[in-house]
Amino acid sequence: MTYIPVGLEMYSVRKEFAANPYATMKAVKAMGYEGVEFAGPPAWGADFYAALLKETGLVCCGWHTPWESLQPEKIADTIRLNLTVGNKYVIVPGIKASTHADWLEKAIAMNGIADQLAVYGLRCGYHNHAQDFALLDGKTTWDTFMSNTSDRVVMQLDTGNALAGNANIMQTLNDYPGRCQTIHLKPYSRAKGYEPLIGEDDCPWKDIFAFCQTKGNTEWYIIEYECPAYPALEAVEKCLAATRKLLQ
């Protein structure tokens, strides 16, 4: 079985991280996570994040980066930030677009961004939300975007968001093999929404993991849990334990 490390989307523990970044990162490492994915514009300088990673022994396995930060006036700063923290995956967590023509335009622009980042050994990608799977003129905007982006653009599927959008997770993954270098493991239940923990929800975890280990070119599993049903640190620890069990 291919070994794929597990990271944590730090948005899951954003309040704790904002209050005490070092203690939160230490706690995440102690749980057994190997990496972290940061989210949003950096609250501190790049050197601060790099020092946190070095001190805790965690790897930066991604950074959720606003679309605006990849535009010409800001992309140089974004490249410097990610090179400083040793991050390879620059993931856009949402794009403002409404029509298929808008999404096609963004796909073409993303291909250009991917080419720019490739010079520095970086990859860009897109992280889905539920609305990306709503039908518009008989087709999803997800497919318009993904089918018009190059293999350099990572498909960071968010399992919970996909299921919330009534997508067939396995069909979605199999439509774009080899492009799922990082994947968000987010639980979702049709009955209880985002409340259940991993393993207590409706995501087909065994099939997801089998795809990642054979067809996805997956380098990181990234757990995300953002429901207030449990204290944040408790929830992500439970989700990691459940993931480890499912991977056995």
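What you see is a predicted model; the values in this text were computed from it and never measured.

**Notes on the sheet that holds strand β2 (residues 35-39)**
Hydrogen bonds between backbone groups are what pair the strands of a sheet, and the pairing can be parallel or antiparallel.
Part 1 of the reasoning: If you walk across this open sheet you meet the eight strands as β8-β5-β4-β3-β2-β1-β10-β9, and the pairing is parallel. Of all strands in the sheet, those with a lone pairing partner are β8 (153-156) and β9 (182-185), marking the two edges. Taken pair by pair, the neighbouring strands of this sheet meet at an average axis angle of 30 degrees, ignoring direction.
Part 2 of the reasoning: Bridge count for β2 against strand β3 (residues 59-64) is five bridges, and the pairing is parallel. Each residue of the ladder has a partner; that of Glu37, found in β3, is Gly62.

**Let's talk about the side chain of His127**
Part 1 of the reasoning: Along the chain, His127 falls in strand β5 (residues 123-127).
Part 2 of the reasoning: The class of His127 is buried, set by a relative accessible area of 2%.
Part 3 of the reasoning: Side-chain polar atoms of His127 contact the side chain of Asp158, separated by 3.2 Å.
Part 4 of the reasoning: The contact partners of His127, leaving out residues within four places of it in the chain, are His64, Ile91, Val92, Pro93, Gly94, Asp132, Gln156, Asp158, Asn161, His184 and Glu224.

**A short note on the environment of Asn166**
Part 1 of the reasoning: In this fold, Asn166 is placed in the loop between α7 (159-164) and α8 (169-175).
Part 2 of the reasoning: What makes Asn166 exposed here is its relative accessible area of 71%.
Part 3 of the reasoning: For the pair Asn166 and Arg190, spaced 24 residues apart in sequence, the C-alpha to C-alpha distance is 9.3 Å.

**So, the packing of aromatic side chains**
Describing an aromatic ring pair means giving the distance of the ring centres and the angle of the ring planes.
Part 1 of the reasoning: Taken as a whole, this structure holds 18 aromatic pairs when the rule is applied.
Part 2 of the reasoning: Summarising the aromatic geometry, the rings of Phe38 and Tyr49 are spaced 4.9 Å apart at their centres and angled 75 degrees between planes, so their arrangement reads as edge-to-face. Taken together, the residues span a long stretch of sequence, with Phe38 in strand β2 and Tyr49 in helix α3 (residues 46-56) at a distance of 11 residues.
Part 3 of the reasoning: On the basis of relative accessible area, Tyr49 is assigned to the buried category, the value being 3%.
Part 4 of the reasoning: Arranged with centres 5.0 Å apart and planes meeting at 45 degrees, the rings of Trp44 and Phe48 form a pair that is tilted.
Part 5 of the reasoning: Given the relative accessible area of 30%, Trp44 is considered partly exposed.
Part 6 of the reasoning: Given a relative accessible area of 35%, Phe48 falls into the partly exposed group.
Part 7 of the reasoning: Aromatic rings pair up to connect Phe17, Phe38, Trp44, Phe48, Tyr49 and Trp63 into one cluster.
Part 8 of the reasoning: Sitting above the plane of the Tyr11 ring, Arg14 keeps its charged end 3.9 Å from the centroid.

**Considering a nonpolar patch on the surface**
Part 1 of the reasoning: Residues Leu83, Val119 and Tyr120 make up a contiguous nonpolar surface patch of roughly 320 Å² in combined accessible area.
Part 2 of the reasoning: Overall, Val119 belongs to the exposed group, its relative accessible area being 68%.

**A closer look at unusual backbone geometry**
Part 1 of the reasoning: Backbone geometry places Asp137, a non-glycine residue, at a positive phi of 55 degrees.
Part 2 of the reasoning: Here Asp137 falls in the exposed class, since its relative accessible area comes to 74%.
Part 3 of the reasoning: Residues other than glycine seldom take positive phi values, yet Asn217 does so here, at roughly 55 degrees.

Cut-offs applied
- Residues numbered from 1 in each chain as written.
- Predicted model: local features only at pLDDT ≥ 70, side-chain atom pairs only at ≥ 80, totals over all residues.
- Heavy atoms only, no water.
- Pairing = 2+ DSSP bridges.
- Helix = DSSP H or I, 4+ residues; strand = E, 2+ residues; numbered from the N terminus.
- Axes fitted to C-alpha atoms, helices over the stretch in contact; angles between N-to-C directions.
- Buried < 20%, exposed > 50% of the residue type's maximum accessible area, 1.4 Å probe, protein only.
- Polar contact = N/O pair within 3.5 Å; in protein donor to acceptor, adjacent residues only side chain to side chain.
- Contact = heavy atoms within 4.5 Å.
- Phe/Tyr/Trp six-rings, centres within 6.5 Å; stacked < 30°, edge-to-face > 60°.
- Lys NZ or Arg CZ within 6 Å of the ring centre and 35° of its normal.
- Patch = residues over 30% accessible without salt bridge, like charges linked within 9 Å, V, L, I, M, F, W, Y side chains within 5 Å.
- Areas by Shrake-Rupley, 256 points an atom, 1.4 Å probe, with all protein chains shown as cover.
- Salt bridge = Lys/Arg side-chain N within 4 Å of Asp/Glu carboxyl O.

Don't take any of this as a statement about function, it's just geometry.
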